[in-house]
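Architecture and fold: a report
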Amino acid sequence: MTENICVTEFTPASLNEEEEEKLAVQAKALAHPARVRLLKIMAAQPGCVGGDLVNSIGLAQSTVSEHLRILKDAGFILAEVQRPRICYSVNRSELKNFNFLFESSFKL
């Protein structure tokens, strides 16, 4: 059995407020199951039309639009206007960046 140890001296952590703020904003964007579901749906294909996402997730169009806006603001998705529709796709490099930043922030 592992014994819990109370540390009295801390190892200096590398602090980067800009990275920490970005990580917090992006984590907050992923803190809703509908947004996680939207990302999973979009990751399975090269791009999705907003209306198709509404149909596949079972939420109101306005609710899906708000979730997409939050994901876009966090950098997780890209939106390309194809009049009269918008095609959404996962910003894979930003998801990889988030994963790296998350893992490197917590030495687990």
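Located above this text is the structure these notes cover.
Now for a description of the structure that goes with this document. Just so it is clear, the structure is predicted and the values come from calculations on it, not from any experiment.

1. So, the environment of Ile41
Among the structural elements, Ile41 can be located in helix H2 (residues 33–43). Taking C-alpha positions, Ile41 is 8.8 Å from Ile57, a pair spaced 16 residues apart along the chain. Not counting residues up to four positions away in its chain, the partners in contact with Ile41 are Cys48, Leu53 and Ser56.

2. A word on the packing of aromatic side chains
In the structure shown here, the tally under the stated rule is two aromatic pairs. When the centroid spacing of 5.6 Å and the interplanar angle of 90 degrees are considered together, the rings of Phe76 and Phe98 count as edge-to-face. Pair noted here: Phe76 is in the loop between helix H4 (61–73) and strand S2 (77–82) and Phe98 is in helix H5 (residues 92–105), with a separation of 22 residues, a long-range link. Ring-pair connections join several aromatic residues into one group, and the members of that group are Phe76, Phe98 and Phe102.

3. Here we look at the side chain of His67
With respect to the helices and strands, the residue His67 is situated in helix H4. Excluding anything up to four places from it in sequence, His67 contacts His32, Ala34, Arg35, Leu38 and Leu59.

4. Some remarks on the packing of helix H3 (residues 50–57) against H4
Running from amino to carboxyl end, H3 crosses H4 at an angle of 115 degrees, the nearest separation of the two axes being 10 Å. By the angle between their axes, H3 is roughly perpendicular relative to H4. Considering the relative orientation of H3 and H4, their crossing is right-handed. The segment H3 lies against H4, with Leu53, Val54 and Ile57 engaging Gln61, Val64 and Leu68.

5. Remarks on the pairing of strand S3 (residues 85–90)
Two strands pair when backbone bridges link them, and strand S1 (residues 48–49) and S3 are joined in this way by two bridges, in the antiparallel orientation. Bridging from a neighbouring strand, Cys48 pairs with Tyr88 of S3. Pairing of S2 with S3 involves six bridges; the strand directions are antiparallel. Across the sheet, Ile77 pairs through a bridge with Val90, a residue of S3.

6. Concerning the pattern of salt bridges
If you walk through the whole model with that rule in mind, you get three salt bridges. Between Glu94 and Lys22 there is a salt bridge, and its shortest N-O distance comes to 2.9 Å. A residue pair is termed long-range when its members are at least 10 positions apart, and Glu94 in helix H5 and Lys22 in helix H1 (residues 17–29) qualify at 72 residues. Judged by its relative accessible area of 36%, Lys22 falls in the partly exposed class. The residue Asp73 makes a salt bridge to Arg69 at a minimum N-O spacing of 2.6 Å. Placement of both Asp73 and Arg69 in helix H4 is noted, with a separation of four residues, approximately one turn of the helix. A relative accessible area of 54% means that Asp73 is categorised as exposed. One salt-bridge network, held together by shared partners, links Glu66, Arg69 and Asp73.

Parameters at a glance
Residues numbered from 1 in each chain as written. Predicted model: local features only at pLDDT ≥ 70, side-chain atom pairs only at ≥ 80, totals over all residues. Heavy atoms only, no water. Helix = DSSP H or I, 4+ residues; strand = E, 2+ residues; numbered from the N terminus. Contact = heavy atoms within 4.5 Å. Phe/Tyr/Trp six-rings, centres within 6.5 Å; stacked < 30°, edge-to-face > 60°. Axes fitted to C-alpha atoms, helices over the stretch in contact; angles between N-to-C directions. Parallel < 35°, antiparallel > 145°, perpendicular 65-115°, else oblique. Left-handed = near helix turned anticlockwise from the far one by under 90°. Pairing = 2+ DSSP bridges. Salt bridge = Lys/Arg side-chain N within 4 Å of Asp/Glu carboxyl O. Buried < 20%, exposed > 50% of the residue type's maximum accessible area, 1.4 Å probe, protein only.

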